[in-house]
Amino acid sequence: MQTKRFWLAGMMATVLLATVPGTGRGITIPDTVTLHSQSKLYEPFVFPHAKHILIVKECSNCHHHTTGTLVQDPNCIRCHRNSSETAVVSCKGCHLPDAFTATAIKEKNKKIYHRDMPSLKAAMHQSCIDCHNKMKQGPVGCQDCHVYTKEGAAFYNSGEFAPKKKPAKGSHGGH
Amino acid sequence: MNKLIASGATVVDSPQKSSGRNWTIMEKLFLGLSFQQYIAQAIRNPFNWVFGIIFAIGIPIIIGRFIFGLSWVTHSSYDYPWGLFLGFGLFGMVPLSSSGFQLGTACEVFGRHDLEPIERLGLLNGLLGYFFAVIFLLCDLGQPWRLPYPMVLAYGPAAVLFLVAWHVATYLSVQIAEVSVSFFEWIGLPIGIRAIRKITLGMTVSGIILSTLHQGALGALFTYAPGKVHPLWYSSSFQWIHFFVSSIPGGLCMVIVVSTIASKTMSWRFDERFKDSLDRITISLAKGASMGLATYLVIKLISIAHDNKWGYFLTGYGHWYLVEIMIGVIIPMALLAYSIHHKKVAIIRFGALLVVLGIFLNRLNTAYITFNWKLPYREIPHWREVAICITVYSIYIVVYRFILYRLPIFYQWKAAEELAPAYVAETETRHQRRAPEELALAYAAKAENDQ
Amino acid sequence: MKRRDFLKGCLISGAAASLGVPSKSLAVGSFEGYPDAMGILVDTTRCVGCRSCEAACNKEQKLPEPDVPFDDLSVFEEKRRTTEKAYTVVNRYEAGDGKDPQFRKMQCNHCNEPGCLTSCFVNAYTKTREGAVIYDSKICVGCRTCMVACPFNIPAYSYSSAFNPVVKKCIFCYHTRLKYGKPPACVEICPREVLTFGLRSDLIKIAHERIRETPDRYIDHLYGEKELGGTSWMYLAAVPPEKIGLDETVGNEPIISNVKEFLGMVPMVLTIWPALFTGFHLLATRNKDHGADHHTHSEQEDGKK
């Protein structure tokens, strides 16, 4: 059973950040980052990093205390008031691909800080969608960024896999 | 029937024909009439035509329910998992069947021999009520063939329903045993009668226990749904008491109603003892019922006060609650009080009918009409669900009538040896007519003396 | 399971009209969950209503094809509930006050002391050590009391099946995942980690930490921490619970607490009634031969006819 579900376990969990150099000192900032989960549900998608730098300007909006100006968040500044830029600034550098394995849960509980750190997938979706919502621009729908693979369409019963329209059955149970 | 008897037909009320030959089973089944006579009287009866139409429609639907599943006969509601089968059928039927244990208790435990003429009706009413409640249950269960599971396979003893299942099963057996006395007399098995006689007291006491518990347990079932049953019909502390106490007038009034219907439709089956004592017994039962109603009303009010739910009376549900209480409790209480005092049996009978309807309304309100009061929609039952309910109730009535026609419920079975000197029996009967009353008086006098 | 066995034992002994009554009533309503039970923290402020969890649940539990695709957002036009075809549904709630609409996923909350479990007369439900409330369809009779007893209106029933209708509800992906320490399918697919999987005890801490860190984001209430004796699934929200369809009137007592007054009365009736009524009988018939004799007596009376 476990192997059968292996693809689910890895699904959407590991995102490869292509060619991101680990330095936050502005030496190599990628123009694009290809986000490709191992999931078979979605096609890989190219994140326009440069465009976001132009629009957002402030790195720490997304990168917390790791790069850019110092953080303002009252919860973070308790420790990171004077933190210098870190060596690792990429998302995957800190956010785990899978936050809910038994070991991950155990590890988390040993920590004092950052115990409630979202997984890589969650970190990105939270960052992206929240900001896009706030700025009232940018894609927020699932397929606005990454489109289904055939398997994805089947998974969501969408497109060619959409259910055939059945005659609506008058049931009171559906409330 | 009356016409036939007037024209000289005799009905079976003893093991032997007047000619001295024993009745055969077939003759007993046809009430001592010839086959043609029997069919003719059945066809003459307009009720049979009504039942015929109901069965023609309803029985195929019942069969369909078991072939096509519940979704064919109900709206398959997830929010109203218990539909009419339980709300109207089971929950309505069981309280009206408490007559079995009450009359059993009165006659066998408290020695109220003045009620004896109607004891058997009470027992039969109880048995049939429970039996058809189980029929309703079988219609409602998803997998009725698994009904014995809680008895044999898997136990959930912390569940109220587990108690209900066991108690109803046990109590049904007890009631079958109690009623079987009449059957043994009718079929001619004196050894069976003697066997049952020996255990009557034990059965009656176990009947009280089982009845108290599962009448209450049916109420307690609703304490699993504190957020769904409307607060006016819900009380964590009192729910089971409400159901138990209301079943007391319910059962007694059901006996009054049934005996009334019988006296209108089948008085030919009554013997002199029953005919003469019916009015007196009706008043006695009504006294019991009004005590029950008064208790019920008080407990109802206490439970409202206990949880301070007076505010709900200002809502639509509150008005509906008052309607229920008026129909089922307050008006009948007034009617019964008046008519008991003035010995107006007709009014008692009307009051009893109101009580029966009130019980139905109460159970239906608790389980169905006001259930899920927080949900934005109300469930309207599927017409097939209604049809099945009507059909099962019709089967109930027909079976009830079938038994009343035959078994010595309204009349006393004449034993073979008494028949031989016919004149003795006749004179004795006249002499015996007021015997139960005298007996009661004698007991009262004795009791006073003892004090 | 210990506690349930204990209850069982007590009631059996109660049914046998013997001892064990007081201890049973003490035990009722005192169970606070297994110490290493897992749970899910649902942070409704993160949910955007993508319905991925519904799709994942559908595939994981091999449920029938849905009526509309899982990316069809028109389903939010009406409030849906769990059905035999969907163990979980997401609903959209208008929060009012110019706030964005809120989404909430709905599924079995896996109570510590479930109403369905305590109401089941064949013991078809089990609260596992891992925290899941699972169901054995092989012994279910189909009385549907569990559906009546569930304060969240979760269990559905496959009415359409004529010969094997069963209860359908979320089982925490127990057999395929939870048992092996893995989170349920919905948690795994959730893109924004609306669903946090972990030890229930840890989740309570995390939830309160979130409220403390970002008090503007949440109302200070973790729904399910105490409600109905605690549930394995707990909800954080930006709005009061009733705004997102969570019933606040359920109270903190588990469902069984409402029933215990009756259950406590049962052994009393079983023990006291026989003696009481036999006594009544002796009193009522004391001035003549009592017991079986009185029947022969009345038979003689009847016999005179």
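Parameters at a glance
Residues numbered from 1 in each chain as written. Chains lettered and ligands numbered in written order. Predicted model: local features only at pLDDT ≥ 70, side-chain atom pairs only at ≥ 80, totals over all residues. Heavy atoms only, no water. Helix = DSSP H or I, 4+ residues; strand = E, 2+ residues; numbered from the N terminus. Buried < 20%, exposed > 50% of the residue type's maximum accessible area, 1.4 Å probe, protein only. Contact = heavy atoms within 4.5 Å. Areas by Shrake-Rupley, 256 points an atom, 1.4 Å probe, with all protein chains shown as cover. Pairing = 2+ DSSP bridges. Axes fitted to C-alpha atoms, helices over the stretch in contact; angles between N-to-C directions. Buried area = accessible area lost by both parts, 1.4 Å probe. Salt bridge = Lys/Arg side-chain N within 4 Å of Asp/Glu carboxyl O. Polar contact = N/O pair within 3.5 Å; in protein donor to acceptor, adjacent residues only side chain to side chain. Left-handed = near helix turned anticlockwise from the far one by under 90°. Nonpolar A, V, L, I, M, F, W, Y, C, P; charged D, E, K, R; others polar. Core = buried A, V, L, I, M, F, W, Y, C linked by side-chain atoms within 4.5 Å. Phe/Tyr/Trp six-rings, centres within 6.5 Å; stacked < 30°, edge-to-face > 60°.

Within chain A, the regular secondary structure consists of nine helices and two strands. If you list the helices and strands of chain A from N to C, you get α-β-β-α-α-α-α-α-α-α-α. The proportion of buried residues among the 175 residues of chain A is 33%. In chain A, once contacts between residues fewer than 6 apart in sequence are set aside, the share between residues at least 24 apart is 44%. Of the roughly 10900 Å² of accessible surface on chain A, 62% is carried by carbon and sulfur atoms.

Residue and element names in this part refer to chain A. Burial along strand β1 (residues 32-35) is one-sided: Val33 and Leu35 are buried, and none of Thr32 and Thr34, which face the opposite way, are. Looking at chain direction, β1 and strand β2 (residues 45-48) are connected through four bridges and run antiparallel. Its bridge partner lying in β2, Leu35 is registered against Phe45.

A separate point is the sheet that holds strand β8 (residues 195-199) of chain C. Residue and element names in this part refer to chain C. Ordered in space as β8-β1-β9, the three strands form an open sheet in which the pairing is mixed. Each end of this open sheet is capped by a strand with a single partner; those strands are β8 and β9 (233-236). Geometrically, the sheet is characterised by an average inter-axis angle of 25° between neighbouring strands, direction not taken into account.

The subject of this paragraph is the interface of chain B and chain C. Contacts between chain B and chain C engage 77 residues on the former and 74 residues on the latter. Where chain B abuts chain C, roughly 6600 Å² becomes buried across the two surfaces, and 61% of that area is made up of carbon and sulfur atoms. Looking only at chain B, the three residues that lose the most surface to chain C are Tyr78, Ala158 and Tyr224 of chain B, adding up to 12% of its buried area. Across the salt bridge formed by Asp79 of chain B and Arg81 of chain C, the nearest N and O atoms sit 2.4 Å from each other. On the surface where chain B and chain C come into contact, there are 29 residue pairs in polar contact (both at pLDDT 80 or more). It is helix α11 (residues 190-221) of chain B that contributes the most residues to the side of chain B that touches chain C, twelve residues altogether.

Moving on, we come to the side chain of Gln143 of chain B. Position of Gln143 of chain B among the secondary structure elements: in the loop between α8 (116-140) and α9 (149-152). Only 2.9 Å separates the side chain of Gln143 of chain B from the side chain of Asn164 of chain C, close enough to count as a polar contact. Of note is the side chain of Gln143 of chain B, whose polar atom sits 2.8 Å from the backbone oxygen of Pro165 of chain C. Once you skip the residues sitting within four places of it in the chain, Gln143 of chain B turns out to touch Cys140, Val141, Gly142, Tyr157, Phe163, Asn164, Pro165 and Val166 of chain C.

As a further point, take the environment of Leu270 of chain C. Residue and element names in this part refer to chain C. You can see Leu270 is positioned in helix α8 (residues 255-284). Given a relative accessible area of 16%, Leu270 falls into the buried group. Residues Leu270 and Leu195, spaced 75 residues apart in sequence, show a C-alpha to C-alpha distance of 48 Å.

A complete count under the given rule lists 20 salt bridges over all chains for this structure. A salt bridge links Lys205 of chain C to Asp202 of chain C, with the shortest nitrogen-to-oxygen separation between them at 3.8 Å. With Lys205 of chain C and Asp202 of chain C both in helix α7 (residues 200-213) and three residues apart, the pair spans about one turn of that helix. The class of Lys205 of chain C is exposed, set by a relative accessible area of 51%. In this structure, a network of salt bridges that share partners links the residues Asp116 of chain A together with Asp43, Arg46 and Arg210 of chain C.

On to the environment of Leu115 of chain B, then. Residue and element names in this part refer to chain B. Turning to its location among the elements, Leu115 is positioned in the loop between α7 (99-109) and α8. The exposure class assigned to Leu115 is buried, which follows from its relative accessible area of 6%. Spatially, the C-alpha atoms of Leu115 and Gly104 are 9.6 Å apart, while their sequence positions differ by eleven residues. If near-sequence neighbours (up to four positions away) are discounted, Leu115 is found in contact with Leu103, Ala106, Cys107, Ile281, Ser284 and Leu285.

Helix-helix packing is described using two parameters, namely the angle between the two axes and the distance between the axes. Residues and elements named next belong to chain B. Where helix α13 (residues 272-306) meets helix α14 (residues 316-342), the closest approach of the two axes is 9 Å, and the angle between their N-to-C directions is 145°. Judged by the twist between their axes, the crossing of α13 over α14 is left-handed. Packed against α13, whose contacting residues are Ile283, Ala286, Lys287, Ala289, Ser290, Leu293, Ala294, Tyr296, Leu297, Lys300 and Ile304, the element α14 presents Tyr321, Glu324, Ile325, Gly328, Val329, Ile330, Pro332, Met333, Leu336 and Ile340 at the interface. Its residues placed into classes, the contact of α13 with α14 shows 16 nonpolar, two polar and three charged.

Turning next to the side chain of Thr260 of chain B. Looking at the element boundaries, Thr260 of chain B is found in helix α12 (residues 239-265). By relative accessible area, Thr260 of chain B is classed as buried at 13%.

So, on to the nonpolar core. Among the nonpolar cores identified, the biggest contains 220 residues, and Phe91 and Val160 of chain B together with Phe262 of chain C are the most heavily contacted of them. Apart from the residues within four sequence positions on either side, Phe91 of chain B is in contact with Trp82, Leu86, Leu218, Leu221, Phe222, Phe243, Arg363 and Ala367 of chain B. Within the second largest apolar cluster, twelve residues are counted, among which are Tyr148, Ala153 and Phe155 of chain A together with Phe70 of chain C.

Before going further, it helps to examine unusual backbone geometry. The phi dihedral of Lys136 of chain A falls on the positive side, at around 55°, and the residue is not glycine. Considering the arrangement of structural elements, one finds Lys136 of chain A in the loop between α7 (120-135) and α8 (142-145). Here Lys136 of chain A falls in the exposed class, since its relative accessible area comes to 74%. Phi at His110 of chain C takes a positive value of approximately 50°, unusual for a residue other than glycine. As for its placement among the helices and strands, His110 of chain C is situated in the loop between β3 (102-106) and α4 (115-119). Given a relative accessible area of 0%, His110 of chain C falls into the buried group.

Here we come to the packing of aromatic side chains. All names here are of chain B. This model, assessed by the stated rule, comprises 47 aromatic pairs over all chains. A centroid spacing of 5.1 Å and a plane angle of 55° characterise the contact between Phe136 and Tyr393, whose relative ring orientation is tilted. Linking Phe136 in helix α8 with Tyr393 in helix α16 (residues 383-406), this pair joins segments that are 257 residues apart in sequence. Classification of Tyr393 by relative accessible area gives buried; the value is 14%. With 5.2 Å between their ring centres and 75° between their planes, Trp233 and Tyr321 make a pair best called edge-to-face. On the criterion of sequence distance, the pair formed by Trp233 in the loop between α11 and α12 and Tyr321 in helix α14 is long-range, its members being 88 residues apart. The same class applies to Trp233 and to Tyr321, which are both buried.

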